Amino acid sequence: MRVGLKSLWLLLGLVLLLTWQLDGLAPERRWVASITLVLYAGVLAAALRRARPDGSNMEVRLDYRVAYATETGTARQLAQETCKRLRKAGLTAAPVALNQLSTVPVPERALLLVVSTTGNGDAPKTGIGWDDGEVSMRYAGCPFAVLALGDRNYPRFCAFGLDVEQRLQAAGAKPLFAPVQVSQADPRMIDAWFRQLLPKGD
Ligand SMILES: Cc1cc2nc3c(=O)[nH]c(=O)nc-3n(C[C@H](O)[C@H](O)[C@H](O)COP(=O)(O)O)c2cc1C
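Sequence order sets the numbering: in each chain, residues are counted from 1 along the sequence as written. Where local features are concerned, this predicted model is filtered to residues with pLDDT of at least 70; where side-chain atom pairs are given and counted, the filter is 80 or more; whole-chain, interface and lining totals use all residues. Calculated side-chain values reflect all of the structure's heavy atoms, with hydrogen atoms and water omitted.

*Asks:* It is not clear to me how the overall build of the protein should be interpreted in this structure. Could you clarify?
*Replies:* Going along the chain from the N terminus, every DSSP run of H or I of four or more residues is numbered as a helix, and every run of E of two or more is numbered as a strand. For the protein, the count of helices and strands is six helices and six strands. Of the regular secondary structure in the protein, the N- to C-terminal order runs α-α-β-α-β-β-α-β-α-β-β-α. Against the 2.2 N^0.38 benchmark of 17 Å for 202 residues, the protein shows a C-alpha radius of gyration of 22 Å, more extended than a compact globule. Each principal axis of the C-alpha distribution contributes one length, and for the protein these read about 75 × 35 × 30 Å. Counting only residues that meet the buried cut, the protein has 41% of its 202 residues in that class. Counting only contacts in the protein whose residues sit at least 6 apart along the sequence, the fraction spanning at least 24 positions is 78%. Here, Shrake-Rupley sampling with a 1.4 Å probe gives the accessible areas, and only protein chains in the shown set may cover a residue. When the accessible surface of the protein is totalled, it reaches about 11,700 Å², and 57% of it is carbon and sulfur. Neither His nor the chain termini are counted; the positive set is Lys and Arg, and the negative set is Asp and Glu. Every charge is mapped onto a representative atom, which is NZ of Lys, CZ of Arg, CG of Asp or CD of Glu. In the protein, the 24 positive side-chain charges and the 18 negative ones have mean positions that sit 4 Å from each other. In this description the radius of gyration comes from C-alpha coordinates, and the expected globular size is given by 2.2 Å times residues to the power 0.38. Classification of residues uses two cut-offs on accessible area relative to the type maximum, computed with a 1.4 Å probe and protein chains only: under 20% is buried, over 50% is exposed, and between them is partly exposed. Any pair of residues with heavy atoms lying within 4.5 Å of one another is described as a contacting pair.

What follows is the structure, encoded as structure tokens:
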């Protein structure tokens, strides 16, 4: 059963109301009961917030985690497509924004990254501040692969994707294959990504 935050607060309100309507309960006991209930609801609410309904933040170990850094949505959409194809092949996978990577467990099989570049070789919105030095360290020994999105007309082609790849390698993560660099969302290069991930064509 999925319990939302709204139902939790409603339930708390109801129980508090009942507590204050009970006959024969000393006022100090009512206060102790109320404070205890509010504290307990606070703990439950924090736990609920961590376990998001889309499953992206659950403490379940997945086969693949697909992190995306995007400015205008292409990388997010490709990360979702990557998860879809992996699931079709019978594997577990979920997307996460790159700058939320610290909030999810290290996957069982590999970390996949779909990373765009914006500005002049800069990180897009969901990639800014992704690594405080500790995030990449968590992936030491973990296999990973990068799909870097960009445009060859920019002097710093796929610069941010390549930077993410370098940082992970420097932290000891193990590249599955060389970064796949895509200019203007070229479908042939996107196919190359899927072919390397799922050689059996799932
Ligand atoms: C304002 C702007 C700046 C960009 N800067 C770069 C860049 O420095 N290097 C690069 O390879 N691509 C650059 N691109 C191209 C994007 O990376 C590419 O269009 C990508 O597919 C966008 O993906 P997104 O929708 O996930 O943000 C830039 C695009 C825009 C609109």
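*Asks:* It is not clear to me how the UniProt feature "transmembrane region" (unreviewed entry) in the protein should be interpreted in this structure. Could you clarify?
*Replies:* Taken from the UniProt record, the annotation "transmembrane region" (unreviewed entry) applies to residues 31–48. Note that residues 31–48 is 100% helix and 0% strand, and that its end C-alpha atoms are spaced 26 Å apart. UniProt positions are given in the numbering used here, feature names are shortened, and annotations may be inferred rather than shown by experiment.

*Asks:* What is the right way to look at the site of the ligand in this model?
*Replies:* If you check the shell around the ligand, you find 19 residues, and the closest are Thr 70, Thr 72, Thr 74, Ser 116 and Thr 117. Polar contact criterion, stated in full: a pair of N or O atoms within 3.5 Å, where within protein one must be able to donate a hydrogen and the other to accept it, and residues adjacent in sequence count only if both atoms are side-chain atoms. Here an oxygen atom of the ligand sits 3.2 Å away from a polar atom, N or O, in the main chain of Gly 73. Gly 121 places a main-chain nitrogen or oxygen 2.8 Å from an oxygen atom of the ligand. Within the complex, the protein chains bury 77% of what would otherwise be the 640 Å² of accessible surface of the ligand. Class assignment of the residues belonging to the shell around the ligand gives a composition of five nonpolar, 11 polar and three charged. By convention in these notes, a residue is near a molecule or strand provided one of its non-hydrogen atoms lies within 4 Å of it. Polarity classes work like this: nonpolar for Ala, Val, Leu, Ile, Met, Phe, Trp, Tyr, Cys and Pro, charged for Asp, Glu, Lys and Arg, and polar for all others, with Gly in that last group.

*Asks:* Honestly, helix α5 (residues 159–170) in this entry has me stumped. Any pointers?
*Replies:* Working note: α-helix, 3.6 residues per turn, so residues spaced by three or four point in the same direction. Between its first and last C-alpha atoms α5 spans 16 Å; for 12 residues at 1.5 Å apiece the expected length is 16 Å, and the two agree. Two residues or fewer past α5, Gly 172 is found with a positive phi of approximately 100°. Expected span of a helix, by definition, is 1.5 Å for each gap between consecutive residues, and there is one gap fewer than residues.

*Asks:* Please clarify how the pattern of salt bridges should be interpreted in this entry.
*Replies:* Side-chain pairs of opposite charge can arise whenever the charged atoms involved come near each other. The salt bridge criterion pairs a side-chain nitrogen of Lys or Arg with a carboxyl oxygen of Asp or Glu, the two atoms within 4 Å. On inspection of all chains with the given rule, the structure shows six salt bridges. Taking the shortest distance from any N to any O, the salt bridge between Asp 163 and Arg 167 comes out at 3.8 Å. Here the residue Asp 163 and the residue Arg 167 both occupy positions in helix α5, the gap between them amounting to four residues, near one helical turn. A salt bridge links Arg 188 to Asp 186, with the shortest nitrogen-to-oxygen separation between them at 3.0 Å.

*Asks:* Help me understand the side chain of Thr 82, please; the structure alone is not making it clear to me.
*Replies:* Within the secondary structure layout, Thr 82 lies in helix α3 (residues 74–88). In contact with Thr 82, other than residues within four places in its own chain, are Val 66, Leu 112, Trp 193, Phe 194 and Leu 197.

*Asks:* I keep staring at the pairing of strand β1 (residues 64–69) and nothing clicks. Help me out?
*Replies:* With six of six residues buried, β1 lies mostly within the body of the structure. Side-chain alternation along β1 places Tyr 64, Val 66 and Tyr 68 on one buried face and Arg 65, Ala 67 and Ala 69 on a second face that is also buried. Any two strands with at least two DSSP-identified bridges between them are counted as paired. Of the pairings in the sheet, the one linking β1 to strand β2 (residues 93–97) comprises five bridges and is parallel in character. By the bridge assignment for β2, Tyr 64 is matched with Ala 93. Crossover handedness is defined here as right-handed if the route from the first strand over the helix to the second strand goes clockwise, with the strands pointing away from the viewer. Regarding the hand of the β-α-β motif, the stretch spanning β1, α3 and β2 is right-handed. Direction of pairing for β1 relative to strand β3 (residues 110–116): parallel, over a ladder of six bridges. Bridge pairing in β3 links Arg 65 to Leu 111.

*Asks:* What is the right way to look at the domain arrangement of the protein in this model?
*Replies:* An automatic or database domain assignment is the source of the domain bounds shown. For the protein, the assigned domains are domain 1 (5–50) and domain 2 (64–197). Here the C-alpha centre of domain 2 lies 44 Å away from the C-alpha centre of domain 1.

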